[in-house]
Amino acid sequence: MRVFAMELFTKLFGDLLLFVYHCFDRIVIHGYLSGLSRPEQVVHFFRKVVGVPVLSKEILSQRTADYQNWVEAFARNHNIPIEWAEKGVRKEDYVLPWLRRMTKRNAYGVYFIFKSMEQGPTFRVSVPKYPTKDPNHRILARQRSRFTHDYFYIRDEVLGPMVMRIATFFPFQTTYYLNGHNFIEQELNRAQVGFRKNDNAFLAIDDVAALQAAADRLSPDIIRKRLDYWTLILGPKFSVKERKRVKLSRFYAISQIEYCRNFIFKRNFPIHKLFERGCELGLWRLTAHKITEIFGARLHRRLPGKLATVIDQIEHGHHVFRAYFKHAFLKQYEKFATFLRNELCSNNLNDFGLKKGLDNLDAVRQTFKVITSRFAGFQAQWLNVHVDFPLLQRIALPITIGSVRYPGIKIHDRRVIRLLEVLLHGGTHVGGWTAKEIHQAVRTTFGLSEPSYGLNQLRYDLRKLKGHGLLERDGSRYAYRLTSKGVQVALLFLFFHKRLCGPLANSRFHRRPDPQNRPDSRLEVAYHRADKAIQNIVDLLATA
(Lines give C-alpha, C1' and ligand atoms only; values in the text may rest on other atoms or scores of the structure.)
Protein backbone atom coordinates (compact mmCIF):
# COMPACT_ATOMS: atom_id res chain seq x y z
CA MET A 1 0.00 0.00 0.00
CA ARG A 2 2.87 2.41 0.77
CA VAL A 3 4.45 2.14 -2.67
CA PHE A 4 1.10 2.25 -4.43
CA ALA A 5 0.04 5.39 -2.56
CA MET A 6 3.09 7.43 -3.48
CA GLU A 7 3.12 6.14 -7.07
CA LEU A 8 -0.51 7.21 -7.41
CA PHE A 9 0.13 10.69 -6.03
CA THR A 10 3.18 11.14 -8.27
CA LYS A 11 1.27 9.85 -11.29
CA LEU A 12 -1.61 12.26 -10.78
CA PHE A 13 0.28 15.37 -9.65
CA GLY A 14 3.88 14.79 -10.71
CA ASP A 15 3.85 17.48 -13.40
CA LEU A 16 2.40 20.00 -10.91
CA LEU A 17 4.91 19.35 -8.10
CA LEU A 18 8.28 20.99 -7.62
CA PHE A 19 9.41 18.40 -5.05
CA VAL A 20 8.24 16.26 -2.14
CA TYR A 21 10.02 15.55 1.15
CA HIS A 22 9.15 13.97 4.51
CA CYS A 23 10.74 14.51 7.91
CA PHE A 24 10.18 14.92 11.64
CA ASP A 25 8.70 18.26 12.58
CA ARG A 26 8.12 19.01 16.27
CA ILE A 27 9.67 16.61 18.81
CA VAL A 28 9.09 16.93 22.57
CA ILE A 29 11.38 14.82 24.78
CA HIS A 30 11.30 14.32 28.54
CA GLY A 31 14.56 13.77 30.40
CA TYR A 32 14.44 11.84 33.68
CA LEU A 33 17.25 11.49 36.24
CA SER A 34 17.44 7.71 36.34
CA GLY A 35 18.99 7.70 39.84
CA LEU A 36 16.56 10.16 41.45
CA SER A 37 13.19 9.30 39.94
CA ARG A 38 11.71 7.20 42.75
CA PRO A 39 11.16 8.32 46.38
CA GLU A 40 13.41 5.61 47.83
CA GLN A 41 16.25 6.74 45.55
CA VAL A 42 15.91 10.34 46.77
CA VAL A 43 15.95 9.21 50.43
CA HIS A 44 19.08 7.13 49.80
CA PHE A 45 20.74 10.06 48.02
CA PHE A 46 20.27 12.56 50.85
CA ARG A 47 20.84 10.23 53.80
CA LYS A 48 23.67 8.01 52.49
CA VAL A 49 25.40 10.20 49.90
CA VAL A 50 24.85 13.80 51.01
CA GLY A 51 24.86 12.84 54.70
CA VAL A 52 21.65 14.54 55.79
CA PRO A 53 20.17 12.60 58.75
CA VAL A 54 16.64 14.01 58.45
CA LEU A 55 15.08 14.70 55.08
CA SER A 56 12.86 17.77 55.20
CA LYS A 57 11.11 20.24 52.95
CA GLU A 58 13.81 22.80 53.71
CA ILE A 59 16.53 20.46 52.41
CA LEU A 60 14.70 20.06 49.08
CA SER A 61 13.97 23.79 48.89
CA GLN A 62 17.65 24.58 49.47
CA ARG A 63 18.56 22.63 46.33
CA THR A 64 15.97 24.65 44.40
CA ALA A 65 17.32 27.96 45.74
CA ASP A 66 20.91 27.00 44.89
CA TYR A 67 19.98 26.16 41.31
CA GLN A 68 17.89 29.32 40.82
CA ASN A 69 20.79 31.43 42.11
CA TRP A 70 23.10 29.69 39.65
CA VAL A 71 20.72 30.47 36.75
CA GLU A 72 20.61 34.14 37.74
CA ALA A 73 24.42 34.27 37.90
CA PHE A 74 24.75 32.46 34.56
CA ALA A 75 22.44 34.96 32.84
CA ARG A 76 24.25 37.90 34.43
CA ASN A 77 27.74 36.67 33.53
CA HIS A 78 26.81 35.94 29.89
CA ASN A 79 24.61 39.04 29.35
CA ILE A 80 21.57 36.88 28.62
CA PRO A 81 18.15 38.49 29.18
CA ILE A 82 16.05 36.68 31.78
CA GLU A 83 12.38 37.58 32.26
CA TRP A 84 9.14 36.22 33.66
CA ALA A 85 6.76 35.01 30.96
CA GLU A 86 3.65 37.15 30.63
CA LYS A 87 0.24 35.63 30.18
CA GLY A 88 -1.04 35.76 26.61
CA VAL A 89 2.40 36.35 25.06
CA ARG A 90 3.70 33.64 22.74
CA LYS A 91 7.24 32.88 23.87
CA GLU A 92 8.60 31.92 20.43
CA ASP A 93 7.48 35.20 18.88
CA TYR A 94 8.82 37.26 21.79
CA VAL A 95 12.37 35.85 21.62
CA LEU A 96 12.58 35.96 17.81
CA PRO A 97 14.58 39.24 17.67
CA TRP A 98 17.31 37.74 19.89
CA LEU A 99 17.46 34.63 17.69
CA ARG A 100 17.82 36.76 14.57
CA ARG A 101 20.70 38.69 16.13
CA MET A 102 22.49 35.48 17.04
CA THR A 103 21.91 34.03 13.56
CA LYS A 104 23.27 37.21 11.98
CA ARG A 105 26.44 36.90 14.09
CA ASN A 106 26.60 33.15 13.32
CA ALA A 107 26.92 32.47 17.05
CA TYR A 108 25.70 29.52 19.10
CA GLY A 109 24.54 29.18 22.69
CA VAL A 110 21.80 30.45 24.99
CA TYR A 111 20.20 33.71 23.84
CA PHE A 112 17.19 34.09 26.19
CA ILE A 113 15.80 32.69 29.46
CA PHE A 114 12.14 32.69 30.47
CA LYS A 115 10.90 31.95 33.98
CA SER A 116 7.39 30.53 34.34
CA MET A 117 5.18 29.19 37.15
CA GLU A 118 3.83 25.83 36.00
CA GLN A 119 2.64 22.48 37.29
CA GLY A 120 5.29 19.78 37.55
CA PRO A 121 6.26 16.56 39.37
CA THR A 122 7.75 17.05 42.85
CA PHE A 123 8.13 15.18 46.15
CA ARG A 124 6.23 15.82 49.38
CA VAL A 125 7.92 15.21 52.76
CA SER A 126 5.71 14.33 55.74
CA VAL A 127 6.20 13.02 59.29
CA PRO A 128 4.73 9.56 59.99
CA LYS A 129 1.43 9.61 61.85
CA TYR A 130 2.63 6.98 64.28
CA PRO A 131 6.13 6.76 65.86
CA THR A 132 8.66 4.42 64.23
CA LYS A 133 11.88 2.78 65.38
CA ASP A 134 13.86 5.33 63.37
CA PRO A 135 13.14 8.85 64.70
CA ASN A 136 14.60 10.33 61.50
CA HIS A 137 12.19 8.44 59.25
CA ARG A 138 10.16 10.61 56.87
CA ILE A 139 7.58 9.73 54.25
CA LEU A 140 8.48 10.90 50.78
CA ALA A 141 5.71 10.71 48.15
CA ARG A 142 5.24 11.95 44.60
CA GLN A 143 2.93 14.87 43.93
CA ARG A 144 2.27 17.60 41.38
CA SER A 145 2.58 21.19 42.47
CA ARG A 146 3.12 24.64 41.02
CA PHE A 147 6.66 25.98 41.01
CA THR A 148 9.20 27.79 38.83
CA HIS A 149 10.36 26.36 35.50
CA ASP A 150 13.23 27.85 33.50
CA TYR A 151 13.06 27.97 29.68
CA PHE A 152 16.47 28.17 28.01
CA TYR A 153 16.31 29.27 24.35
CA ILE A 154 19.32 27.81 22.60
CA ARG A 155 20.83 27.98 19.12
CA ASP A 156 22.65 24.68 18.76
CA GLU A 157 25.24 24.11 16.05
CA VAL A 158 23.77 20.67 15.20
CA LEU A 159 20.05 20.78 16.09
CA GLY A 160 19.55 24.46 15.35
CA PRO A 161 17.16 26.56 17.48
CA MET A 162 15.75 24.52 20.39
CA VAL A 163 14.21 25.05 23.82
CA MET A 164 15.17 23.34 27.07
CA ARG A 165 12.79 23.57 30.03
CA ILE A 166 14.15 22.63 33.47
CA ALA A 167 12.02 22.16 36.56
CA THR A 168 13.75 23.86 39.50
CA PHE A 169 12.44 21.40 42.12
CA PHE A 170 13.36 17.77 42.72
CA PRO A 171 13.52 15.56 40.66
CA PHE A 172 14.57 18.29 38.18
CA GLN A 173 12.67 16.89 35.21
CA THR A 174 13.76 18.42 31.89
CA THR A 175 11.79 18.84 28.68
CA TYR A 176 13.37 19.48 25.28
CA TYR A 177 11.55 21.03 22.32
CA LEU A 178 13.22 20.24 19.00
CA ASN A 179 12.27 20.67 15.34
CA GLY A 180 13.43 18.48 12.49
CA HIS A 181 13.38 21.37 10.01
CA ASN A 182 15.94 23.27 12.11
CA PHE A 183 18.25 20.24 12.03
CA ILE A 184 17.84 19.96 8.23
CA GLU A 185 18.66 23.65 7.84
CA GLN A 186 21.95 23.21 9.75
CA GLU A 187 22.86 20.15 7.64
CA LEU A 188 22.17 21.98 4.36
CA ASN A 189 24.19 25.00 5.46
CA ARG A 190 27.16 22.78 6.26
CA ALA A 191 26.84 21.07 2.86
CA GLN A 192 26.47 24.51 1.18
CA VAL A 193 23.21 23.52 -0.53
CA GLY A 194 21.06 26.47 -1.54
CA PHE A 195 17.46 26.59 -0.26
CA ARG A 196 14.60 28.90 0.65
CA LYS A 197 12.88 28.25 3.98
CA ASN A 198 9.85 30.07 5.32
CA ASP A 199 7.85 29.42 8.48
CA ASN A 200 9.05 25.89 9.14
CA ALA A 201 8.88 24.72 5.52
CA PHE A 202 11.33 24.40 2.64
CA LEU A 203 9.81 26.03 -0.46
CA ALA A 204 12.82 25.79 -2.80
CA ILE A 205 15.94 23.63 -2.85
CA ASP A 206 18.89 23.18 -5.21
CA ASP A 207 19.24 19.45 -4.44
CA VAL A 208 16.11 17.53 -3.40
CA ALA A 209 18.10 14.36 -2.69
CA ALA A 210 20.34 16.28 -0.28
CA LEU A 211 17.24 17.63 1.50
CA GLN A 212 15.78 14.16 2.05
CA ALA A 213 19.15 12.71 3.04
CA ALA A 214 19.56 15.44 5.67
CA ALA A 215 16.09 14.66 7.03
CA ASP A 216 16.91 10.95 7.31
CA ARG A 217 20.16 11.63 9.19
CA LEU A 218 18.39 12.77 12.35
CA SER A 219 19.13 9.87 14.71
CA PRO A 220 18.86 9.06 18.45
CA ASP A 221 22.65 9.26 18.83
CA ILE A 222 22.81 12.80 17.44
CA ILE A 223 19.94 13.99 19.63
CA ARG A 224 21.23 12.29 22.81
CA LYS A 225 24.71 13.73 22.39
CA ARG A 226 23.42 17.31 22.12
CA LEU A 227 20.88 16.90 24.95
CA ASP A 228 23.54 15.47 27.26
CA TYR A 229 25.78 18.43 26.47
CA TRP A 230 23.21 21.12 27.24
CA THR A 231 21.91 19.26 30.31
CA LEU A 232 25.42 19.19 31.71
CA ILE A 233 25.94 22.90 30.99
CA LEU A 234 22.54 24.24 32.08
CA GLY A 235 21.08 21.55 34.34
CA PRO A 236 21.18 21.31 38.16
CA LYS A 237 24.63 20.86 39.63
CA PHE A 238 25.90 17.82 41.55
CA SER A 239 29.29 17.31 43.17
CA VAL A 240 31.87 14.79 42.01
CA LYS A 241 31.12 12.62 45.05
CA GLU A 242 27.39 12.64 44.29
CA ARG A 243 27.99 11.68 40.65
CA LYS A 244 30.21 8.77 41.65
CA ARG A 245 27.77 7.36 44.21
CA VAL A 246 24.51 7.83 42.25
CA LYS A 247 23.68 7.23 38.60
CA LEU A 248 22.77 10.73 37.41
CA SER A 249 22.53 10.11 33.65
CA ARG A 250 19.32 11.10 31.88
CA PHE A 251 16.79 8.72 30.36
CA TYR A 252 15.14 10.36 27.35
CA ALA A 253 11.55 9.51 26.41
CA ILE A 254 9.47 10.88 23.53
CA SER A 255 6.44 12.73 24.86
CA GLN A 256 5.07 14.22 21.64
CA ILE A 257 6.18 13.80 18.05
CA GLU A 258 5.07 15.00 14.63
CA TYR A 259 6.02 13.52 11.25
CA CYS A 260 5.12 15.43 8.09
CA ARG A 261 4.99 14.74 4.36
CA ASN A 262 5.31 17.98 2.39
CA PHE A 263 4.15 18.59 -1.18
CA ILE A 264 5.53 21.74 -2.84
CA PHE A 265 3.38 22.67 -5.84
CA LYS A 266 4.14 25.11 -8.61
CA ARG A 267 2.94 28.59 -7.75
CA ASN A 268 0.44 28.88 -10.61
CA PHE A 269 -1.49 25.81 -9.44
CA PRO A 270 -4.73 26.53 -7.51
CA ILE A 271 -3.71 24.57 -4.41
CA HIS A 272 -6.20 26.34 -2.10
CA LYS A 273 -9.12 25.06 -4.18
CA LEU A 274 -7.69 21.54 -4.05
CA PHE A 275 -7.39 21.76 -0.27
CA GLU A 276 -10.99 22.93 0.05
CA ARG A 277 -12.13 20.03 -2.12
CA GLY A 278 -10.06 17.59 -0.04
CA CYS A 279 -11.67 18.88 3.16
CA GLU A 280 -15.19 18.55 1.76
CA LEU A 281 -14.67 15.00 0.55
CA GLY A 282 -12.64 14.05 3.63
CA LEU A 283 -15.52 14.86 5.96
CA TRP A 284 -17.78 12.54 3.97
CA ARG A 285 -15.46 9.75 2.83
CA LEU A 286 -13.02 9.41 5.72
CA THR A 287 -15.25 7.21 7.89
CA ALA A 288 -14.18 5.20 10.94
CA HIS A 289 -13.30 2.22 8.72
CA LYS A 290 -11.12 4.37 6.47
CA ILE A 291 -9.38 6.01 9.44
CA THR A 292 -8.46 2.67 11.00
CA GLU A 293 -7.32 1.40 7.59
CA ILE A 294 -5.01 4.40 7.17
CA PHE A 295 -3.58 3.94 10.68
CA GLY A 296 -3.15 0.18 10.13
CA ALA A 297 -5.53 -0.92 12.89
CA ARG A 298 -8.68 -3.05 13.10
CA LEU A 299 -11.98 -1.39 13.95
CA HIS A 300 -13.76 -2.85 16.98
CA ARG A 301 -16.08 -1.62 19.72
CA ARG A 302 -13.44 -1.45 22.44
CA LEU A 303 -11.10 0.79 20.49
CA PRO A 304 -9.95 3.51 22.98
CA GLY A 305 -9.85 7.19 22.16
CA LYS A 306 -11.89 8.66 19.32
CA LEU A 307 -12.34 8.27 15.58
CA ALA A 308 -13.52 11.53 14.02
CA THR A 309 -12.83 14.13 11.34
CA VAL A 310 -13.10 17.89 11.90
CA ILE A 311 -12.06 21.15 10.26
CA ASP A 312 -10.48 23.66 12.62
CA GLN A 313 -10.05 27.35 11.89
CA ILE A 314 -6.72 28.30 13.45
CA GLU A 315 -6.96 31.90 12.26
CA HIS A 316 -8.90 33.80 9.64
CA GLY A 317 -8.51 32.05 6.31
CA HIS A 318 -6.28 29.28 7.74
CA HIS A 319 -8.12 25.99 8.14
CA VAL A 320 -6.77 22.60 9.19
CA PHE A 321 -8.36 19.24 8.38
CA ARG A 322 -7.93 16.67 11.18
CA ALA A 323 -8.62 12.93 11.36
CA TYR A 324 -8.40 11.62 14.95
CA PHE A 325 -7.30 8.12 15.95
CA LYS A 326 -7.01 7.26 19.67
CA HIS A 327 -4.59 9.87 21.11
CA ALA A 328 -3.13 10.77 17.69
CA PHE A 329 -4.41 12.64 14.67
CA LEU A 330 -3.57 13.30 11.04
CA LYS A 331 -3.85 16.89 9.92
CA GLN A 332 -3.60 18.61 6.56
CA TYR A 333 -3.23 22.30 5.75
CA GLU A 334 -1.92 24.56 3.00
CA LYS A 335 0.14 27.75 3.00
CA PHE A 336 1.87 30.17 0.65
CA ALA A 337 -0.33 29.02 -2.31
CA THR A 338 2.21 26.24 -3.01
CA PHE A 339 2.69 24.24 0.19
CA LEU A 340 0.48 21.28 1.19
CA ARG A 341 1.39 19.31 4.33
CA ASN A 342 0.10 16.00 5.69
CA GLU A 343 1.25 15.63 9.29
CA LEU A 344 0.83 12.84 11.83
CA CYS A 345 0.88 13.96 15.48
CA SER A 346 1.12 11.51 18.39
CA ASN A 347 0.93 12.14 22.12
CA ASN A 348 1.20 8.46 23.06
CA LEU A 349 3.33 6.10 20.99
CA ASN A 350 1.64 3.14 22.66
CA ASP A 351 -1.28 3.74 20.26
CA PHE A 352 0.97 2.38 17.51
CA GLY A 353 2.57 -0.41 19.55
CA LEU A 354 5.80 1.61 19.86
CA LYS A 355 7.97 2.31 22.90
CA LYS A 356 8.61 5.90 23.95
CA GLY A 357 12.37 5.59 24.50
CA LEU A 358 14.52 7.82 22.29
CA ASP A 359 16.27 4.74 20.84
CA ASN A 360 13.00 3.86 19.07
CA LEU A 361 13.08 7.00 16.91
CA ASP A 362 13.85 5.04 13.71
CA ALA A 363 10.90 2.70 14.32
CA VAL A 364 8.67 5.75 14.77
CA ARG A 365 9.94 7.18 11.49
CA GLN A 366 9.17 4.00 9.53
CA THR A 367 5.70 3.57 11.06
CA PHE A 368 4.68 7.18 10.59
CA LYS A 369 6.06 7.22 7.04
CA VAL A 370 3.75 4.35 6.08
CA ILE A 371 0.70 6.02 7.65
CA THR A 372 1.28 9.39 5.98
CA SER A 373 1.86 7.54 2.70
CA ARG A 374 -1.50 5.79 2.98
CA PHE A 375 -3.18 9.11 3.68
CA ALA A 376 -1.45 10.60 0.61
CA GLY A 377 -2.94 7.79 -1.49
CA PHE A 378 -6.47 8.56 -0.33
CA GLN A 379 -5.88 12.29 -0.80
CA ALA A 380 -4.61 11.70 -4.35
CA GLN A 381 -7.92 10.11 -5.31
CA TRP A 382 -9.96 12.87 -3.60
CA LEU A 383 -8.00 15.69 -5.22
CA ASN A 384 -7.98 14.21 -8.74
CA VAL A 385 -10.93 16.42 -9.78
CA HIS A 386 -11.63 19.67 -11.63
CA VAL A 387 -11.50 22.70 -9.36
CA ASP A 388 -12.78 26.22 -9.66
CA PHE A 389 -10.23 28.66 -11.09
CA PRO A 390 -11.58 32.24 -11.20
CA LEU A 391 -10.00 33.18 -14.53
CA LEU A 392 -13.09 34.99 -15.85
CA GLN A 393 -13.53 36.85 -12.56
CA ARG A 394 -9.89 37.91 -12.35
CA ILE A 395 -9.55 38.98 -15.97
CA ALA A 396 -12.78 41.01 -15.77
CA LEU A 397 -11.35 43.20 -13.00
CA PRO A 398 -9.17 46.23 -13.79
CA ILE A 399 -5.50 45.98 -12.85
CA THR A 400 -2.85 48.59 -12.06
CA ILE A 401 0.76 48.13 -13.16
CA GLY A 402 2.96 50.88 -11.83
CA SER A 403 1.04 54.09 -12.44
CA VAL A 404 -0.96 52.70 -15.41
CA ARG A 405 -4.47 51.34 -14.92
CA TYR A 406 -5.81 48.79 -17.43
CA PRO A 407 -9.56 48.06 -17.68
CA GLY A 408 -10.95 44.56 -17.30
CA ILE A 409 -11.89 42.19 -20.12
CA LYS A 410 -15.46 40.86 -20.15
CA ILE A 411 -16.24 37.53 -21.73
CA HIS A 412 -19.36 39.03 -23.37
CA ASP A 413 -17.45 41.92 -24.97
CA ARG A 414 -18.10 41.48 -28.73
CA ARG A 415 -15.17 43.63 -29.81
CA VAL A 416 -12.70 41.59 -27.74
CA ILE A 417 -14.17 38.30 -29.02
CA ARG A 418 -13.79 39.44 -32.64
CA LEU A 419 -10.24 40.63 -32.00
CA LEU A 420 -9.20 37.36 -30.31
CA GLU A 421 -10.70 35.31 -33.15
CA VAL A 422 -8.77 37.25 -35.77
CA LEU A 423 -5.50 37.03 -33.82
CA LEU A 424 -6.01 33.32 -33.20
CA HIS A 425 -7.25 32.12 -36.59
CA GLY A 426 -6.12 34.81 -39.00
CA GLY A 427 -2.73 33.25 -39.71
CA THR A 428 0.75 33.75 -38.30
CA HIS A 429 2.91 36.72 -39.12
CA VAL A 430 6.63 36.29 -38.57
CA GLY A 431 7.04 39.84 -37.29
CA GLY A 432 3.66 40.09 -35.61
CA TRP A 433 0.60 42.13 -36.59
CA THR A 434 0.67 45.88 -36.83
CA ALA A 435 -2.35 47.80 -35.57
CA LYS A 436 -3.42 48.74 -39.09
CA GLU A 437 -3.18 45.10 -40.29
CA ILE A 438 -5.28 43.91 -37.34
CA HIS A 439 -7.82 46.68 -37.94
CA GLN A 440 -8.17 45.75 -41.59
CA ALA A 441 -8.48 42.02 -40.81
CA VAL A 442 -11.23 42.60 -38.22
CA ARG A 443 -13.26 44.86 -40.55
CA THR A 444 -12.89 42.44 -43.49
CA THR A 445 -13.76 39.33 -41.47
CA PHE A 446 -16.88 40.73 -39.82
CA GLY A 447 -17.94 43.27 -42.48
CA LEU A 448 -17.58 46.32 -40.25
CA SER A 449 -17.54 49.88 -41.52
CA GLU A 450 -14.96 52.48 -40.49
CA PRO A 451 -17.35 54.48 -38.27
CA SER A 452 -18.56 51.36 -36.43
CA TYR A 453 -15.04 50.20 -35.52
CA GLY A 454 -12.32 52.81 -35.70
CA LEU A 455 -8.57 52.46 -35.29
CA ASN A 456 -8.62 54.20 -31.91
CA GLN A 457 -11.13 51.64 -30.63
CA LEU A 458 -8.79 48.86 -31.74
CA ARG A 459 -5.84 50.49 -29.96
CA TYR A 460 -7.92 50.69 -26.76
CA ASP A 461 -8.67 46.94 -27.01
CA LEU A 462 -5.01 46.12 -27.73
CA ARG A 463 -4.01 48.12 -24.66
CA LYS A 464 -6.36 46.03 -22.49
CA LEU A 465 -5.04 42.73 -23.84
CA LYS A 466 -1.44 43.84 -23.40
CA GLY A 467 -2.05 45.00 -19.81
CA HIS A 468 -3.48 41.59 -18.83
CA GLY A 469 -0.54 39.73 -20.36
CA LEU A 470 -2.49 38.31 -23.34
CA LEU A 471 -0.65 40.30 -25.98
CA GLU A 472 2.99 41.21 -26.47
CA ARG A 473 4.98 43.46 -28.75
CA ASP A 474 7.66 42.19 -31.11
CA GLY A 475 10.71 43.83 -29.56
CA SER A 476 10.55 47.59 -29.96
CA ARG A 477 8.27 47.46 -33.03
CA TYR A 478 4.59 48.31 -32.85
CA ALA A 479 3.66 44.80 -33.95
CA TYR A 480 1.64 42.44 -31.74
CA ARG A 481 1.08 38.74 -31.23
CA LEU A 482 -0.69 36.61 -28.64
CA THR A 483 1.31 35.29 -25.71
CA SER A 484 1.01 31.64 -24.62
CA LYS A 485 -1.49 32.75 -21.98
CA GLY A 486 -3.32 34.82 -24.58
CA VAL A 487 -3.70 31.80 -26.90
CA GLN A 488 -5.28 29.75 -24.09
CA VAL A 489 -7.62 32.58 -23.05
CA ALA A 490 -8.63 33.15 -26.66
CA LEU A 491 -9.45 29.46 -27.09
CA LEU A 492 -11.50 29.43 -23.88
CA PHE A 493 -13.46 32.54 -24.87
CA LEU A 494 -14.17 31.32 -28.39
CA PHE A 495 -15.03 27.77 -27.32
CA PHE A 496 -17.37 29.15 -24.68
CA HIS A 497 -19.26 31.31 -27.17
CA LYS A 498 -19.21 29.15 -30.29
CA ARG A 499 -18.95 25.54 -29.14
CA LEU A 500 -20.80 25.64 -25.81
CA CYS A 501 -23.19 28.57 -25.43
CA GLY A 502 -24.03 28.77 -29.14
CA PRO A 503 -25.35 25.19 -29.68
CA LEU A 504 -27.12 25.08 -26.30
CA ALA A 505 -28.80 28.46 -26.85
CA ASN A 506 -29.97 27.39 -30.31
CA SER A 507 -31.51 24.18 -28.92
CA ARG A 508 -33.31 26.12 -26.17
CA PHE A 509 -34.80 28.92 -28.29
CA HIS A 510 -34.89 27.80 -31.93
CA ARG A 511 -34.83 24.06 -32.52
CA ARG A 512 -34.13 21.05 -30.35
CA PRO A 513 -32.77 18.03 -32.31
CA ASP A 514 -34.67 14.75 -32.07
CA PRO A 515 -32.83 12.61 -29.45
CA GLN A 516 -34.04 9.37 -31.07
CA ASN A 517 -32.20 9.96 -34.33
CA ARG A 518 -29.04 11.68 -33.24
CA PRO A 519 -25.76 10.82 -35.02
CA ASP A 520 -23.11 8.61 -33.44
CA SER A 521 -21.18 11.50 -31.88
CA ARG A 522 -19.95 11.85 -28.32
CA LEU A 523 -20.25 15.60 -28.59
CA GLU A 524 -23.93 15.38 -29.57
CA VAL A 525 -24.57 12.97 -26.67
CA ALA A 526 -23.03 15.52 -24.29
CA TYR A 527 -25.20 18.30 -25.77
CA HIS A 528 -28.35 16.24 -25.27
CA ARG A 529 -27.38 15.51 -21.65
CA ALA A 530 -26.79 19.24 -21.05
CA ASP A 531 -30.21 20.04 -22.58
CA LYS A 532 -31.86 17.51 -20.31
CA ALA A 533 -30.09 18.80 -17.21
CA ILE A 534 -31.09 22.41 -18.00
CA GLN A 535 -34.70 21.35 -18.49
CA ASN A 536 -34.67 19.51 -15.14
CA ILE A 537 -33.45 22.67 -13.41
CA VAL A 538 -36.15 24.75 -15.09
CA ASP A 539 -38.84 22.26 -13.99
CA LEU A 540 -37.58 22.22 -10.41
CA LEU A 541 -37.50 26.01 -10.22
CA ALA A 542 -41.03 26.16 -11.63
CA THR A 543 -42.40 23.85 -8.92
CA ALA A 544 -40.41 25.41 -6.05
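Refer to the structure printed above.
Residues numbered from 1 in each chain as written. Predicted model: local features only at pLDDT ≥ 70, side-chain atom pairs only at ≥ 80, totals over all residues. Heavy atoms only, no water.

The subject of this paragraph is the overall build of the protein. Secondary structure assignment for the protein yields 18 helices and 18 strands. In summary, the protein has a C-alpha radius of gyration of 34 Å against a globular reference of 24 Å for 544 residues, an excess of more than 25%. Pairs at least 24 apart in sequence give 66% of the contacts found in the protein among residues at least 6 apart. A total of about 29,800 Å² of accessible surface is found on the protein, and carbon and sulfur atoms cover 53% of it. Between the centroid of the 86 positive side chains of the protein and the centroid of its 49 negative side chains there is a distance of 3 Å. (Helix = DSSP H or I, 4+ residues; strand = E, 2+ residues; numbered from the N terminus. Rg over C-alpha atoms; globule rule 2.2 N^0.38 Å. Contact = heavy atoms within 4.5 Å. Areas by Shrake-Rupley, 256 points an atom, 1.4 Å probe, with all protein chains shown as cover. Lys, Arg positive; Asp, Glu negative; His and termini not counted. Charge placed at Lys NZ, Arg CZ, Asp CG, Glu CD.)

Let us look at the environment of Phe202. Relative to the assigned elements, Phe202 resides in strand β8 (residues 202–205). When near neighbours in sequence (up to four residues on either side) are disregarded, Phe202 contacts Phe19, Tyr21, His181, Ile184, Glu185, Leu188, Phe195, Arg196, Lys197, Leu211 and Ile264.

Within the open sheet, the 3 strands sit side by side as β16-β18-β17. Their pairing is antiparallel. Edge positions in the sheet fall to β16 (433–434) and β17 (471–473), since each of these pairs with one other strand and no more. On top of the sheet, helix α14 (residues 414–425) reaches β16, β17 and β18 (479–482); it is set at about 90° to β18, its chief contact. (Pairing = 2+ DSSP bridges. Axes fitted to C-alpha atoms, helices over the stretch in contact; angles between N-to-C directions.)

Once that is clear, we can look at the side chain of Asn262. Structurally, the position occupied by Asn262 is in strand β9 (residues 250–265). Residue class for Asn262 comes out buried when judged on its relative accessible area of 0%. A distance of 2.5 Å separates the side chain of Asn262 from the side chain of Arg341, its partner in a polar contact. Those residues in contact with Asn262, other than ones at most four positions away along the chain, are Phe19, Val20, Tyr21, Cys23, His181, Phe339, Leu340 and Arg341. (Buried < 20%, exposed > 50% of the residue type's maximum accessible area, 1.4 Å probe, protein only. Polar contact = N/O pair within 3.5 Å; in protein donor to acceptor, adjacent residues only side chain to side chain.)

Turning to unusual backbone geometry, a few remarks are in order. Residue Phe170 is joined to Pro171 through a cis peptide bond whose omega torsion reads 10°. Along the chain, the position of Pro171 falls in the loop between β5 (160–167) and β6 (174–179). At Asn200, a position not held by glycine, the phi torsion is positive, near 65°. Even without being glycine, Lys326 reaches a positive phi, approximately 55°.

Take the packing of α14 against helix α15 (residues 435–446) next. Each pair of packed helices can be summarised by the angle the axes make with each other and by the distance between the axes. In contact at an axis separation of 10 Å, α14 and α15 are set at 105° when each is read in the N-to-C sense. As the angle between them shows, α14 and α15 are arranged roughly perpendicular. Only Ile438, Ala441, Val442, Thr445 and Phe446 of α15 make contact with α14, whose side of the interface consists of Arg418, Leu419, Glu421, Val422 and Leu423. Classifying every residue of the contact of α14 with α15 gives 7 nonpolar, 1 polar and 2 charged. (Parallel < 35°, antiparallel > 145°, perpendicular 65-115°, else oblique. Nonpolar A, V, L, I, M, F, W, Y, C, P; charged D, E, K, R; others polar.)

Bringing the packing of aromatic side chains into the picture now. Throughout the structure, instances matching the rule amount to 27 aromatic pairs. Here Phe295 and Phe325 contribute two aromatic rings whose centre-to-centre distance is 4.5 Å and whose plane-to-plane angle is 15°, an arrangement assigned as stacked. Of this pair, Phe295 sits in the loop between α11 (288–294) and β10 (306–315) while Phe325 sits in strand β11 (residues 318–326); the two residues are 30 residues apart in sequence, bridging distant segments of the chain. Assessed through its relative accessible area of 1%, Phe325 is described here as buried. Ring-pair connections join several aromatic residues into one group, and the members of that group are Phe45, Phe46, Tyr67, Trp70, Phe74, Phe170, Phe172 and Phe238. Across the ring face of Tyr151, the terminal group of Lys91 is positioned such that the distance to the ring centre comes to 5.0 Å. For Arg226, the ring lying beneath its charged end belongs to Tyr229, and the centroid distance is 4.9 Å. (Phe/Tyr/Trp six-rings, centres within 6.5 Å; stacked < 30°, edge-to-face > 60°. Lys NZ or Arg CZ within 6 Å of the ring centre and 35° of its normal.)

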